[in-house]
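Coordinate inspection notes
One-letter residues, chain by chain:
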Amino acid sequence: MNARMNWDDLRIFLSVARARSLTGAATALRLDPATISRRVARLERDLGAVFFVRSPQGYELTASGEELQRTAEAMERAAEAAAETPGTADTLTGTLRIGAPDGCANFLLPPVVADIARANPGLEAQVLALPRVVNLSQREADMAVTVSRPTAGRLTVQKIADYHLSLAADRAYLAEAPKVAGIEDLKAHAVVGYIPDMIFDKELDYLSAVGIDRPRLASNSVAVQLNLLRAGGGIGFVHNFALKDAANLVRVLPDEVRLTRTFWLVRHADEARAPRQRRLADAVVGGLRRELLHTDHALDRAGGRTAG
């Protein structure tokens, strides 16, 4: 490694490699894109190698760039481990960005992340809610919650917990709408769900479980779907853990229709071995499990809030 290369150079290189663009790296580092461009060019000149292929679509790593990224990330992990002195070993610092589908991001992660941040004043916590799978290879997040277990890539996958969804509707809507005695009766109702061509994971195709192809009211956001139901728009699937935020909603056909899904925590295999990453993962998984258990108990205490 060239003696003129320092950690600051590698930090800038890593940011561009992860963001795949100068603009993304500039945002992450709070530097001017022109400054980052000059630093990358200088690094390539000093080491006598080309690390990126520049195009209008962004910066793609060359073979030399991929090799340098592996080296730089190993140094990054070593630096993080070295920073964990005995007096600070139990305290998390730096930045934690968790990506998640918006149901989890809106209704489960906020209290979990808030608790982690309170226990670790030096930690900057970020929740990335996306209507698609989070791209860990481009470092959109440090870790991601998914509803399907990934089968490709160098990833560490950990089961968080199962969760459940129920059909639900607004009390006032049900009082005026045709009675729902069975699944076949749903055909007489407006149904709320995902925009069909924007379902990015097969596990989110809830309506097929009750034989419905297209919802009458739809959104790519779970939060919007919940608000459509709260507004009396019809009947749709709701995460049981979200019912606590919608007191006017009641479950419909709870004995006949109950979906079970699973949350998974996904991380890069290399980073998962770092002590800091393990402690972050333990905090996130433990918090999500407690939150799910708490909401299940709250629903049971409320008598299940079912129609009828």
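Coordinates for the structure precede this section.
About the cut-offs
- Numbering of residues starts from 1 in each chain and follows the order in which that chain's sequence is written.
- Given that this is a predicted model, residues contribute local features only at a pLDDT of at least 70 and side-chain atom pairs are listed and counted only at 80 or more, while totals for whole chains, interfaces and linings are drawn from all residues.
- Working from all heavy atoms in the structure, the side-chain values ignore hydrogens and water.
- Classification of residues uses two cut-offs on accessible area relative to the type maximum, computed with a 1.4 Å probe and protein chains only: under 20% is buried, over 50% is exposed, and between them is partly exposed.
- Helix and strand assignments follow DSSP, with helices taken as H or I runs no shorter than four residues and strands as E runs no shorter than two, numbered in order from the N terminus.
- Here, the arc refers to the directions that run from the helix axis to the C-beta atoms.
- Take a side-chain nitrogen of Lys or Arg and a carboxyl oxygen of Asp or Glu: if they are within 4 Å of each other, that pair is a salt bridge.
- For two strands to pair, DSSP has to find at least two bridges joining them.
- Between the first and last residue of a helix there are one fewer steps than residues, each counted as 1.5 Å, and that sum is the expected span.
- In protein, a polar contact requires one atom able to donate a hydrogen and another able to accept it; more generally it is a pair of N or O atoms within 3.5 Å, and residues adjacent in sequence count only if both atoms are side-chain atoms.
- The convention used is that axes are lines fitted to C-alpha atoms, helices contributing only their stretch in contact, and that angles between N-to-C directions extend from 0 to 180 degrees.
- If an angle is under 35 degrees, it is roughly parallel; if it is over 145, roughly antiparallel; if it lies from 65 to 115, roughly perpendicular; otherwise it is oblique.
- Two residues form a contact once any of their heavy atoms are found within 4.5 Å.
- Polarity classes work like this: nonpolar for Ala, Val, Leu, Ile, Met, Phe, Trp, Tyr, Cys and Pro, charged for Asp, Glu, Lys and Arg, and polar for all others, with Gly in that last group.
- Take the buried Ala, Val, Leu, Ile, Met, Phe, Trp, Tyr and Cys residues and link them wherever side-chain atoms come within 4.5 Å; each set so joined is a nonpolar core.
- Each crossing gets its hand from how the near helix is turned against the far one by less than a right angle, where anticlockwise is left-handed and clockwise is right-handed.

**Comments concerning helix α6 (residues 109–119)**
For α6, the set of buried residues is Leu109, Val112, Val113 and Ile116. Buried residues of α6, viewed axially, fall in a sector of 90 degrees; they line one side.

**A look at the pattern of salt bridges**
Counting across every chain of the model gives 13 salt bridges. Close ionic contact of Glu203 with Lys202 constitutes a salt bridge, the shortest N to O distance being 2.9 Å. Here Glu203 falls in the partly exposed class, since its relative accessible area comes to 21%. Accessibility expressed as a relative area gives 65% for Lys202, which makes it exposed.

**Some remarks on the pairing of strand β3 (residues 94–100)**
Of the strand pairs in this sheet, β3 and strand β4 (residues 123–129) are connected by seven bridges, and their pairing is parallel. Each residue of the ladder has a partner; that of Arg97, found in β4, is Gln126. One ladder, built from two bridges, connects β3 with strand β5 (residues 143–146); its direction is parallel. Looking across to β5, one finds that Ile98 is bridged to Met143.

**Remarks on helix α3 (residues 33–47)**
Counting along an α-helix, one turn takes 3.6 residues, and residues three or four places apart therefore face a common direction. The terminal C-alpha atoms of α3, which comprises 15 residues, lie 21 Å apart, in line with the 21 Å expected from a rise of 1.5 Å per residue. Within α3, burial applies to Ile36, Arg39, Val40, Leu43, Glu44 and Asp46. Here the buried residues of α3 occupy an arc of 165 degrees about the axis, which is enough to place them on one side. Pointing more than 90 degrees away from the buried face of α3 are the exposed residues Arg38 and Arg45. Where α3 begins, the side chain of Asp32 points an oxygen toward the backbone nitrogen of Ala34, at a separation of 2.8 Å. Downstream of α3 by one or two residues, Gly48 has phi in the positive range, about 65 degrees.

**Things to note about the packing of helix α2 (residues 22–29) against α3**
Where α2 meets α3, the axes come as close as 9 Å, and the angle between the chain directions of the two elements is 105 degrees. By the angle class used here, α2 and α3 are roughly perpendicular. When α2 is examined against α3, the residues Leu22, Ala25, Ala26 and Leu29 are found in contact with a partner set consisting of Pro33, Ile36 and Ser37. Across the contact of α2 with α3, the residue classes tally to six nonpolar, one polar and no charged.

**Focus: the nonpolar core**
A general feature of soluble globular proteins is that nonpolar side chains tend to end up buried together. With 58 residues, the main nonpolar core has Val145, Leu167, Phe237, Phe263 and Leu288 as its most contacted residues. Counting residues per element, this core draws most heavily on strand β6 (residues 155–170), at seven residues. Ranked by size, the runner-up nonpolar core spans 19 residues in total, among them Leu14, Val16, Leu22 and Leu61.

**A short note on the pairing of β6**
One ladder, built from ten bridges, connects β6 with strand β11 (residues 259–268); its direction is antiparallel. Bridge pairing links His164 to Thr260 in β11. Bridging between β6 and strand β9 (residues 235–239) involves five bridges; their strand directions are antiparallel. Along β9, the bridge assignment pairs Ala169 with Ile235.

**Section: the environment of Leu130**
One can find Leu130 in the loop between β4 and β5. The spacing of Leu130 and Gly99 is 31 residues in sequence and 7.3 Å in space, taken between C-alpha atoms.

**As for unusual backbone geometry**
The phi angle at Arg30 is positive, at roughly 60 degrees, despite the residue not being glycine. Secondary-structure assignment places Arg30 in the loop between α2 and α3. The exposed category is assigned to Arg30, whose relative accessible area is 72%. The phi dihedral of Leu253 falls on the positive side, at around 50 degrees, and the residue is not glycine. Here Leu253 shows up in the loop between β10 (249–252) and β11. Judged by relative accessible area, Leu253 falls into the buried class, the value being 11%.

**Focus on the environment of Ala117**
Mapped onto the elements of the fold, Ala117 is located in helix α6. Sequence-wise, Ala117 and Thr93 are 24 residues apart; in three dimensions their C-alpha atoms are separated by 9.5 Å.

**Re the packing of helix α1 (residues 7–19) against α3**
At a minimum axis distance of 10 Å, the contact between α1 and α3 shows a crossing angle of 110 degrees. One element, α1, and the other, α3, form an angle in the roughly perpendicular class. Considering only the axes of α1 and α3, their crossing is left-handed. Here Asp8, Asp9, Ile12, Phe13 and Val16 of α1 come into contact with α3, specifically with Ile36, Arg39, Val40, Arg42 and Leu43.

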